[in-house]
Every structure is written in structure tokens, then in C-alpha cells.
Amino acid sequence: MLDFFTIFSKGGIVLWCFQGAGVTESFTGPVNALIRSVILQERSGNNSYTHEALNLKYKLDNEFELIFVVGFQKILTLTYVDKFIDDVQLHFRDRYKNELEQKGPLKLIQNNFEFEDDFSMLLRDAEKSSKARSQGNMRTFVQSEKSQKTVKSMIETKGGEKVKEQGGKKNKNAKKEAPAAEPVKVDPAKAGQKTVENGDQGLTSEEIMHNREKLFRKRTAVPTEKPIKSPKPQKPREKQMRVWHNAGKGTPKELDYSGRNGDGSSNGDQNQEAQRDPEMQLNSMKGDLLSVDCDSKKSGGFGGMFGMLKGLVGSKSLTREDMEPVLEKMKDHLIAKNVAADISSKLCDSVAIKLEGKQALQGSLVQILQPKRRVDILRDVMDAQSQRRPFVITFCGVNGVGKSTNLAKISFWLIENGFTVLIAACDTFRAGAVEQLRTHQRRLNSLHPPEQHGGRPVVQLYEKGYGKDAAGIAMEAIAYARNQTFDVVLVDTAGRMQDNTPLMTALAKLIAINMPDLVLFVGEALVGNEAVDQLVKFNQALADHSMSEKPRLIDGIVLTNFKVSHSRVILPPSQVGAAISMTYITGQPIVFVGTGQTYNDLRSLNARAVVSALMKA
């Protein structure tokens, strides 16, 4: 019933394979899919993988760097597969170790590895044990305990008494009689005292009556309530009246306050200072973005969970039994840091599988959290330049997370690196969206005047107003950027909730028609795992509403509202948990991290800083 069983090394050398009788299709496709999606991504927390109609079970041997994979039809329920793959691993690794010591690695690779007889024996034993467990004759009704019961024995009252009324029904009006109390024996030596039930042993009848009277008076007494005074409502602050000097007899120029603030300073001075303020605050952003730092309040390298594991096992090779208590604490620790519960379990399982027989916990966790792909925008823009086409980035996300603001930050970063930018105003729904982008365009061009770039503005805005088709505006903007030789096109889209079907259909249409080079999801770090739910549903909605067989999904993540402390970006635990959940569940990288409101407040994020901040005690 098995379709195939293969054993290969992590270097890609197939040591032995088996194909079931009657199976004609090659198993290289499912195995390659397993390697790409699970093995290379270090996402081996779950030992099963589904590919089309096949269900694959796999097991890793970290000591010898071996991988055991068995495949069978998804419709079959084979209960013996897990134990069978364990038995094959134990037998094969012993043979493999002996052959490796006797022949050496080169001769072992050149010669065929004989394992057919052992495999057939283990498979027969597994199938026999499965059939022996599944076979069991059902008992007849006469043999069951239910046949010994009568109808009268199955009718019970609340008190547990068996009653049978007329017609087989209980009499609802019948009152249960309290069981008669047993007579209490009185000691003749203590004739003046009377023992009473319900906790009154040792009290005389006079003391019992006195206590009952006290209880009665206490219950019937009416408590005196103090009147609660309602707080007086506070009067709202009134507007301060302007004090007119000279009794209003000044000249019209002295009495004209329209050009001044309340403190006497002129509005013109304030506007000039506001125009100079960005230039004074903004620094150069040429080259790659700065990376966020971990919160280094505690020194001493990797402490916390890493120190706990090191103290438990020392320098010896790790086993599952060694890691079990620490992994349980690690799971609780991750959940406390705002990592989703299911993601915490998968992370712990992946760490356990990867570390079994090894010592490098830090590197293992960093590799597990490493995304599937690395996004290098500067390199990709230069590649698009060589092809004489613009590099297109589309921003999407829910309402109010900062898509337009972070689009302006990324524009400033691209301008600092010598690229020209065209902003496509495809948010034709929100009032003021086009005006907001026009303000950013004006400010960016004031920071990089056209005179410094051959008389051409480095940032331009392509807009068609409100109420238009966003996909059509994006297509026209890309064509305009190609004709005017712009390097990058940044497409701003309207904010939308992931369950809004019409807007999600419009977004899927925009992405399918224009095929952007990069689709970035903008999420807020402060909302924690809600951002994870938004990202998952956005991906699902894009897949559901796409018109192609292979839908375009999210390529990267922009996290906004990260914490800033003393001009240094740190990683607070709650926000780190959301970042880890988003990276692990989608496999996509966090490309940018927004840390403030100025154009300089943009950083990159790496897995090592995330792990360092996450595992702090």
C-alpha cells in the first residue's frame, strides 16, 4: 500500500529507494516539493506533508544527516507508518554506520546499498501488527452488559431511587419525602444536654435557641445606607478673553492680530522654521538601511532561554528528553512574548527536530525564522534599469496603518540612492488621499530641488482624482513611467478590511493586471497577532479573488509603529512576537520597519536581532 520509500542525505545523494507494485509515476516531484517547502526552510515541526493526491511522512536523522521519506495515497489511513519509519531509521543507520566505517564514503556512494531484505521484513511486520490490532470481533447483544439491564433499572429519580409509575412516566407532582432521621442515643450521664445534627454537637438546647435568635435578628435587621453624594460636574474651561491695549484706540496696524500667534510670534517665522526643520533633522540614507538593534539592557550575550538550555545539558549532544522541559518553558515564553500559540508550538517542534544530536540552538532558531527569500530592492531596481523598465511596488493593507506615510519614507530612501520615483495615487476612495501624496511630493522635491538633478523633479505624482478605477490608473502610471524613464513606481492603494469582498476583488484585479515586481503588506506592530490574522486573510483573499491559476500573493511585509528609545530603535517583546508570527506563517521577509513620522524613520529587520530580543529573559 506504500507508493514509495526513499532515503537520501541532506547533500542530495539518494542512498536507497523503493517503489510499490503497480506505481508508474515518478516520486521525484513530491520529494522535490517536500525539500523546497519544508527541508530547506527548516519547517519540520510537523512530520507530514501533502502534495496533490499523496501524503508524505518524513523523519530526519541529524547525526548522519539523513532524511527518510515515505509516500502513500491520501485517501488511505495507514496507522503503522510512524512506527514503521522509526524502525527503518534504526535499522538503516546501523547498516549505514558499519558500511561507512568499512568501505569509506566514496566506495559507499559508488556501490549499491543492499537494504531490500530488511525493508521487506520490516514492512511485513508492520502490516501484520496493524492487522492484528485492527481485527477484533464485536460482542453480541447477549454478551454485552446492556442486555442485563431492565427498563425498571434504567429509570432513576434525582435521589437515586428506582421508581416506576403508571405508563412508565415519573409523577412530576409527587414530592420526595425526606428520609427519616435515625434516633439519637443520649448518654444518661449527660441528660441535661442534647446532641443535635448539622454541626451543633456538644451544645445544649438553650445555647442552640440563643444562637438561632441572634441569627434571626441579624438577618431581619435593615442596614442603614449612607447617601452617596454625586460629584459636582466640573465647569468647562472658558475661552480667555483677549486683552486689548490702549483701550482699542491703537492704529489699525497695531490692532491687526491675524499675522501673529497667541505668544506674539509671527506665523511667517513659524512657517519658515517648519520648512527648515526637515532639512535640519534628516540625515543621509544612501546605501542599505540601518538594521534595528535588540534591547541590550541585559548584557552577557544570549541569556534567558539560551542560558537555561545550556545549563541543563552543558556541552553534550542534545536529545529529545533533554530538551523536553526547556521546550515547554520556551513555548510559554514565546506565548508571553505575544507569539501566536500555534506558531509557538510549531517553532518548538522545529527547534527540537533540528537540535536533536546537535549543540547550536542560536543558529538553529535563526535559520528556522529566516524567510524563504531575501528582498534587495536596490539591486532589483538596478536590474530593472538595465532592462529599461520601471520597478513597480504596490502597497496594500487595512485602513489607517500608515501606507501613504511609509510610501513617502521609501520614496525618500530611493531618492537618496539616486533613483527617480513616480507615485501613483490609486487610493480613489479616501477623502484627502491625493492631497496627502501631493504634500509628500512637494516636501520631497524641496529636500532634493530639481536644480540639483538637471532641472527635473525627482518625485512626481500621477493622479486622476477620485472615483476612478484604481487598476486603470496604475496601468497608465506604469506606462507613463516607462515613457518618461522613471526608475521606480510606487502604487498607493486604498485601505480595506480583509473581509470586504468588493475591495479585495478590486485589489486582486489591480495586481493581476499590472503584475508589480513587489507586493508589500503594511501592518501595524502594535496590534500584535491581529496583524498576523490580517496578513493571512489578505493572502487568502488575493488567492480567492484572483483570475489566474497561480495567483500573486504578498511578497514582503512593512511593519509600522515600532518602539523608539533614546534615538535607538529597540525590539519590544510584544512587537517581536507579531514579527515572528508573520514571518513564520507566510515565509515572507519583513522588508521595512517604520519607527516614526520623519522620512529618516525607516529601518530593516534581520532574524538574528529578532531572536536576540525574543529570547531575553
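One structure accompanies this document, and this report is about it. Keep in mind that this is a model prediction, so the values were computed, not measured.

Cut-offs and rules
Residues numbered from 1 in each chain as written. Predicted model: local features only at pLDDT ≥ 70, side-chain atom pairs only at ≥ 80, totals over all residues. Heavy atoms only, no water. Helix = DSSP H or I, 4+ residues; strand = E, 2+ residues; numbered from the N terminus. Buried < 20%, exposed > 50% of the residue type's maximum accessible area, 1.4 Å probe, protein only. Contact = heavy atoms within 4.5 Å. Phe/Tyr/Trp six-rings, centres within 6.5 Å; stacked < 30°, edge-to-face > 60°. Arc of directions from axis to C-beta. Pairing = 2+ DSSP bridges. Axes fitted to C-alpha atoms, helices over the stretch in contact; angles between N-to-C directions. Salt bridge = Lys/Arg side-chain N within 4 Å of Asp/Glu carboxyl O. Polar contact = N/O pair within 3.5 Å; in protein donor to acceptor, adjacent residues only side chain to side chain.

## Concerning the overall build of the chain
Now for step 1: Along its length, the chain carries 19 helices and 15 strands.
Now for step 2: Across the 617 residues of the chain, 40% fall into the buried class.
Now for step 3: Within the chain, contacts between residues at least 6 apart in sequence are counted, and of these 70% link residues at least 24 apart.

## Here's the deal with the packing of aromatic side chains
Now for step 1: With the rule as written, the count across this model stands at 17 aromatic pairs.
Now for step 2: With a centroid separation of 5.5 Å and 75° between ring planes, the pair formed by W413 and F592 is classed as edge-to-face. Here F592 lies in strand 14 (residues 590-594) and W413 lies in helix 13 (residues 403-416), a separation of 179 residues in the sequence.
Now for step 3: Exposure remark for F592: the relative accessible area of 2% places this residue in the buried category.
Now for step 4: Of the aromatic side chains, those joined through ring pairs into one cluster are F5, W16, F18, F64, F68, Y80, F84, F92, Y96, F115 and F119.

## Here we look at helix 1 (residues 28-39)
Now for step 1: Considered for burial, the residues of helix 1 that qualify are P30, V31, A33, L34, V38 and I39. Here the buried residues of helix 1 occupy an arc of 165° about the axis, which is enough to place them on one side.

## Things to note about the sheet that holds strand 9 (residues 488-493)
As a general point, the strands of a sheet are linked pairwise by backbone hydrogen bonds and lie either parallel or antiparallel.
Now for step 1: If you trace the eight strands from one edge of the open sheet to the other, you get 8-7-9-6-10-11-14-15, paired in mixed fashion. Each edge of the sheet is formed by a strand with only one pairing partner; in this case those strands are strand 8 (459-462) and strand 15 (602-603).
Now for step 2: Across five bridges, strand 6 (residues 391-397) lies against strand 9 in parallel orientation. When the sheet's bridge partners are listed, I393 is paired in strand 9 with L490.
Now for step 3: Contacts from helix 15 (residues 470-483) reach strand 6, strand 7 (421-426), strand 8 and strand 9 within the one sheet, and its direction differs from that of strand 7 by about 165°.
Now for step 4: On the sheet, helix 16 (residues 501-514) packs against strand 6, strand 7, strand 9 and strand 10 (518-524) and is oriented at approximately 165° with respect to strand 9.

## What to know about the pattern of salt bridges
Now for step 1: Summed over the entire model, instances satisfying the criterion amount to 13 salt bridges.
Now for step 2: Of the charged contacts, one joins R379 and D380 as a salt bridge, the two residues approaching to 3.7 Å between their closest N and O atoms.
Now for step 3: We classify R379 as partly exposed; its relative accessible area is 43%.

## Observations concerning the side chain of T493
Now for step 1: Position of T493 relative to the elements: it lies in strand 9.
Now for step 2: One polar contact links the side chain of T493 to the main-chain carbonyl oxygen of F395, over a distance of 2.4 Å.
Now for step 3: Apart from residues lying up to four places away in sequence, T493 is in contact with T394, F395, C396, K403, C426, D427, L507 and L510.

So, to be careful, I would describe these as geometric facts and stop short of saying anything about function.
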